[in-house]
Amino acid sequence: MTRAAGRRPILHPILPGSTIGVLGGGQLGRMFAMAARRLGYRVHTLAPEHDTPTGQIADVEVQASYDDLDQIRAFARGVDVVTFEFENVPAAAAAAAEEHAIVRPGGRALEIAQHRIREKSFLADRGIPVTPFAPVKTEADLDEALSRLGRPAVLKTAALGYDGKGQVPIGPGVGAGDAWTALGRREAVLEAFVDLELEVSVIGARGVDGQAICFGPVENTHVRHILDISVAPADVAPSIAAAAIEITRAVMEGLDYVGILCVEFFVTRDGRLLVNELAPRPHNSGHLTFDACRTSQFEQQVRAICGLPLGSAEMLQPAAAMANVLGDLWANGEPDWAAALALPEVKLHLYGKSEARPGRKMGHLTALAATGHQARAMVIRARDALRLV
Ligand code: AMP
């Protein structure tokens, strides 16, 4: 077994039989753990909750706060490599883990991706197109930024925002003071509101040796700011697809990244590609790779962080689609699983969460087909079948 060597980078692979530590306990860690265990690795997970989606699959589940650095250090000592399934792990926790184990992706990628101002500045400094933005630390900053970027605009917290949480739209009638108060007077970024044609994402994998393989772009539609449906391949011009992959590679290169990185893009009505945000982990829009590709995003993460060759991202059929199953589907009782499972072309994934709340991601459905249109219709049909109890 390969033992962790403190901060020194090791280039020899961490082989099957070794132990991988995952910080975070959600569904991304669960599917990662499934891929890791299939390849013969042991998996430990640490999260503040108990009986987590990841913990149900892992060999060892540690319940601890990310602020409990002694527990983080003890956790890191027990594994060969540490990775994340949740990017808002505090920087101090990543640093504590790095004292005792290899951490991939490294703390710098995490630091950049968990803070919108650092993230946008990193991208803009490299000439990568981003949504027009301005950092906001005070109400006066916001006033000035609004006169520069105009309305409509979106005010987003610099840290800890996801799925539309921590965002305040600023329309023609909204004053800076009201928006600043609505966001909780926290460090933020103001973004010009983009006239979107569609949203796409690329899931990139990069190995220790710099080998990079990208999947996508995938086309994503959201409902109430939460991803609803993903379809691969995205219906975009080949030049847009190539540019999205080129940008993803450049971002991974710029961060000297090891692991899985998702880049979310806006495609504007006038045909421009802008980066919306980075996720330094597997992404909801890549869940369809589990069924649709030779190598899923989760297996790529295992291979990348263990220093093994990446797998092929080739699709097994020309198109695939994924529909999220949210807690809202439980409004009238347990969904009709048998009805969805009766559709032979559809795969059901559930994350083992016992409490269904509105907006909570409980599972997803995937389907492969000859066209994206067909695949999308199949997952929508399956999800509709769940409701018809
Ligand atoms: P985010 O949490 O930044 O990914 O935002 C969630 C969703 O809100 C995005 O996927 C978009 O659908 C929408 N959105 C966010 N920022 C903007 C923007 N500047 N212009 C238009 N739509 C946006």
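Only a predicted model underlies this, so the values are computations on that prediction, with no experimental measurement involved.

### A few points about the site of the ligand
Item 1. Around the ligand, the structure places 17 residues, and the nearest of them are K156, Q167, V194, E199 and N276.
Item 2. Contact distances for the ligand include 2.7 Å between an oxygen atom and a side-chain N or O atom of K156.
Item 3. The contact in question runs from a nitrogen atom of the ligand to an N or O atom on the side chain of E191, over 2.9 Å.
Item 4. When the free accessible area of the ligand is taken as 470 Å², the share hidden by the protein chains comes to 93%.
Item 5. Elements with a contribution of two residues or more to the shell around the ligand: β9 (188-192), β10 (196-206), β13 (259-268) and β14 (273-279).
Item 6. Its residues assigned to classes, the shell around the ligand shows 5 nonpolar, 6 polar and 6 charged.

### Quick notes on unusual backbone geometry
Item 1. In this structure, P217 follows G216 across a cis peptide bond, with omega equal to 5°.
Item 2. Examined against the element boundaries, P217 turns out to sit in strand β11 (residues 212-223).
Item 3. Here the bond from A232 into P233 is cis, since omega is -5°, no more than 30 degrees from zero.
Item 4. Within the fold, P233 resides in the loop between β12 (226-232) and α8 (238-254).
Item 5. A positive phi is found at R185, a non-glycine position, where the angle reads about 50°.
Item 6. Relative to the helices and strands, R185 is located in the loop between α7 (176-182) and β9.
Item 7. At H225, a residue that is not glycine, the phi angle is positive and equals roughly 70°.

### What to know about the sheet that holds strand β8 (residues 167-170)
Item 1. Strand order in the open sheet made by the 4 strands is β6-β9-β7-β8, with antiparallel pairing throughout. In this open sheet, the two strands that pair with only one neighbour each are β6 (133-136) and β8. The mean angle between the axes of side-by-side strands here comes to 20°, regardless of whether they run parallel or antiparallel.
Item 2. As paired elements, β6 and β9 share 4 bridges and run antiparallel to each other. Bridge assignment links F133 to a residue of β9, and that residue is E191.

### Describing the side chain of T157
Item 1. Along the polypeptide, T157 turns up in strand β7 (residues 153-157).
Item 2. Assessed through its relative accessible area of 2%, T157 is described here as buried.

### Comments concerning helix α3 (residues 91-98)
Item 1. Taken as a whole, α3 has its buried residues at A93, A94, A96 and A97. Projection of α3 onto a plane perpendicular to its axis shows the buried side chains occupying an angular sector of 160°, all on one side.
Item 2. Contact partners of the buried residues in α3: α2 (69-77), β4 (81-84), β5 (102-103) and α4 (107-113).

### Notes on the environment of G25
Item 1. Within the secondary structure layout, G25 lies in the loop between β1 (19-23) and α1 (27-38).
Item 2. For G25 and E144, which are 119 residues apart along the polypeptide, the C-alpha to C-alpha distance reads 41 Å.

### Section: the pattern of salt bridges
Item 1. Under the counting rule described, the total for this entry stands at 23 salt bridges.
Item 2. The residue D70 makes a salt bridge to R73 at a minimum N-O spacing of 3.2 Å. Of the two residues, D70 and R73 both sit in helix α2, 3 residues apart, roughly one turn of that helix.
Item 3. Between R387 and D384 there is a salt bridge whose closest N-O contact spans 3.0 Å. You can see R387 and its partner D384 sitting in helix α12 (residues 372-387), 3 residues apart, about one turn around the helix.
Item 4. Where salt bridges share partners, they join R37, R42 and D59 into one cluster.

### Focus on the sheet that holds β11
Backbone hydrogen bonds hold the strands of a sheet together, and the pairing may be parallel or antiparallel.
Item 1. An order of β14-β13-β10-β11-β12-β15-β17-β16 is seen for the 8 strands of this open sheet, with the pairing classed as antiparallel. Among the strands making up the open sheet, the edge pair consists of β14 and β16 (346-350). Recorded for the sheet is a direction-independent mean angle of 25° between the axes of neighbouring strands.
Item 2. Pairing analysis gives 7 bridges linking β10 to β11, with the strands arranged antiparallel.

### Some details on the packing of α2 against α3
Item 1. Taken N-terminus to C-terminus, the directions of α2 and α3 make an angle of 40°; their axes are 8 Å apart at the nearest point. Relative to α3, α2 is oriented oblique. The way α2 lies across α3 gives a crossing that is right-handed. Between α2 and α3, the contacting residues are L69, I72, R73 and A76 on the first element and A92, A93, A96 and A97 on the second.
Item 2. Its residues placed into classes, the contact of α2 with α3 shows 7 nonpolar, no polar and 1 charged.

So, how was this worked out
- Residues numbered from 1 in each chain as written.
- Predicted model: local features only at pLDDT ≥ 70, side-chain atom pairs only at ≥ 80, totals over all residues.
- Heavy atoms only, no water.
- Near = heavy atom within 4 Å.
- Polar contact = N/O pair within 3.5 Å; in protein donor to acceptor, adjacent residues only side chain to side chain.
- Areas by Shrake-Rupley, 256 points an atom, 1.4 Å probe, with all protein chains shown as cover.
- Helix = DSSP H or I, 4+ residues; strand = E, 2+ residues; numbered from the N terminus.
- Nonpolar A, V, L, I, M, F, W, Y, C, P; charged D, E, K, R; others polar.
- Pairing = 2+ DSSP bridges.
- Axes fitted to C-alpha atoms, helices over the stretch in contact; angles between N-to-C directions.
- Buried < 20%, exposed > 50% of the residue type's maximum accessible area, 1.4 Å probe, protein only.
- Arc of directions from axis to C-beta.
- Contact = heavy atoms within 4.5 Å.
- Salt bridge = Lys/Arg side-chain N within 4 Å of Asp/Glu carboxyl O.
- Parallel < 35°, antiparallel > 145°, perpendicular 65-115°, else oblique.
- Left-handed = near helix turned anticlockwise from the far one by under 90°.

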